[in-house]
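Notes for the structure review
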Amino acid sequence: MAFVPPDRNLPQPIAVVSVTRQGTVLALRLTAELPDCSAYVPARHAFAVAMGAKPYDRLRDLFARLWGENRALVCIMAAGIVVRCIAPLIRSKTRDPAVVVVDERGRYAVSMLSGHMGGANRLAEAVADLLGGLAVITTGSDVSRKPAVDTMAVKAGLVMEDMTWAARVTTAVLDDEPFWVYDPDGRLAGYRESLGSAVWIADAVPHPDEDSPQPAKEDVLGAAAYGVGMDLRTVPGLWVSERIKPESYPAVVLRPRCLSVGIGCNRKTPASEIVQAVLDVFSRYRLAPKAIRTLASVDVKEDEAGLREAARWLEAPIFFFSRETLREQRVPNPSPVVHRYIGVSSVCEAAALMAARNGRLIVEKQKTPNVTVAVAKDGSGS
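What you are looking at is a predicted structure, and each value in this text was computed from that prediction instead of being measured.

Moving on to the sheet that holds strand β1 (residues 14-18). Backbone hydrogen bonds hold the strands of a sheet together, and the pairing may be parallel or antiparallel. The seven strands lie next to each other as β3-β2-β1-β4-β5-β6-β7, forming an open sheet whose pairing is mixed. Every interior strand has two partners, whereas the edge strands, β3 (54-56) and β7 (134-136), have only one. Each adjacent strand pair in this sheet contributes to an overall mean axis angle of 25°, direction not counted. Pairing analysis gives five bridges linking strand β4 (residues 72-76) to strand β5 (residues 98-102), with the strands arranged parallel. Within β5, the residue paired with isoleucine 76 across the bridge is valine 102. Along the sheet, helix α1 (residues 21-33) contacts β1, β2 (37-42) and β4; its crossing angle with β2, the most-contacted strand, is approximately 165°. On the sheet, helix α5 (residues 120-131) packs against β1, β4, β5, β6 (108-113) and β7 and is oriented at approximately 165° with respect to β6.

Below, the discussion takes up the packing of aromatic side chains. Counted by the stated rule, this structure contains four aromatic pairs. With 6.0 Å between their ring centres and 80° between their planes, tryptophan 180 and tyrosine 249 make a pair best called edge-to-face. Linking tryptophan 180 in strand β9 (residues 179-182) with tyrosine 249 in the loop between β11 (237-240) and β12 (251-256), this pair joins segments that are 69 residues apart in sequence. Like tyrosine 249, tryptophan 180 is buried. On the basis of an interplanar angle of 35° and a centroid distance of 4.3 Å, the ring pair of tyrosine 182 and tryptophan 239 is categorised as tilted. Of this pair, tyrosine 182 sits in strand β9 while tryptophan 239 sits in strand β11, and the two are 57 residues apart along the sequence. For the pair formed by tyrosine 182 and tryptophan 239, the shared burial category is buried. An aromatic cluster of three or more residues is present, and its members are Trp180, Tyr182, Trp239 and Tyr249. In this structure, arginine 21 is placed above the aromatic ring of phenylalanine 47, and the distance from its NZ or CZ to the ring centre is 4.4 Å.

Criteria and thresholds
- Residue indices begin from 1 for each chain and proceed along its sequence in written order.
- Two thresholds apply to this predicted model, a pLDDT of at least 70 for residue-level local features and 80 or more for giving and counting side-chain atom pairs, whereas whole-chain, interface and lining totals are computed over all residues.
- Calculated side-chain values reflect all of the structure's heavy atoms, with hydrogen atoms and water omitted.
- One requirement defines pairing of two strands: DSSP has to find at least two bridges between them.
- Strands are runs of DSSP state E lasting at least 2 residues, helices are runs of H or I lasting at least 4, and numbering of each runs from the N terminus.
- Angles shown run from 0 to 180 degrees and are taken between the N-to-C directions of axes, each axis being a line fitted to C-alpha atoms and, for helices, limited to the stretch in contact.
- Note on definitions: a residue-residue contact is assigned when non-hydrogen atoms from the two residues lie within 4.5 Å.
- Note on aromatic contacts: the rings of Phe and Tyr and the six-membered ring of Trp form a pair at centre separations within 6.5 Å, being stacked when their planes are under 30 degrees apart, edge-to-face when over 60 apart, and tilted otherwise.
- Under the scheme applied here, a residue whose accessible area is under 20% of the maximum for its type counts as buried, over 50% as exposed, and between as partly exposed, the area being computed with a 1.4 Å probe on protein chains only.
- Two limits define a charge over a ring: the Lys NZ or Arg CZ must be within 6 Å of the ring centre, and within 35 degrees of the ring normal.

Printed below as a string of structure tokens:
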């Protein structure tokens, strides 16, 4: 049975690649101990292939293949070889796998790429523990013992939608420079003390009228409207909300998955029409599709191919509630017509509320010729 290092949350699957005989011996050790791990060794190392390792001929070709198939690579070889092989493959910190480099004696496990977001730092520590070596971590936040943006996001269950300004915000954290955090629901409240140079504007910004399609603040108002003594259009920050960020604000965008979308539709409504109806509502109310946690409807719509395809397109699961369950849910806009046809007074509003976690309706029923949409937000602490 593989040894799973406790509390590590390692990226998986893991590919361990070796180039020398000694490195291959280490690769076999790691494969036996790490979860969901495979060893890739030179084809000439027949002893390792006989033990289940996978042979390869050309290292560059192997890296190109493994890059898209694995969430982590452990490379038992010189760091220079790894750099030359992965350089053409690197795209972004949100997409690249974790890369850890290990010397062939197992003395050092170096976190080389995707340290926080990809989990290379955690993997390097696990590999070092298993081999009796030393993990080498060079990310500034770990060295300074300050939180990293991606680490905070993962721990808070936030979706990293836009990381364009991540490096600038990280530098501000490390250098104790001013930056701002818009976090109206307090999802990063546990980091207030460690983010000492941050200006938390959630308390200063009035909550937007949840029933109004108008934006909470116009871009032109800038810092003065918030009363925080900082121009949010020139200083980078963190935007932690299901609401769309004003375009003029330079910020890392972190989305809580806190929205439930109730959907009703006529028979055989195509997925494209359903998706467009949802996106139109989200655009009108300045909500981010990435904040959708689930879709919901009534059980008589369970065989609607358009609904299921829409759920796949929106990258969210869909739940179907029984009519008996939906009848118990009070809604602001009951419909006698809907009740006459399927026996319940509401589909979209009732389903949205039932799917929400202690939530409330923030967008009441919106209608198109074939689709109805309502949105509920999870309650605090959910």
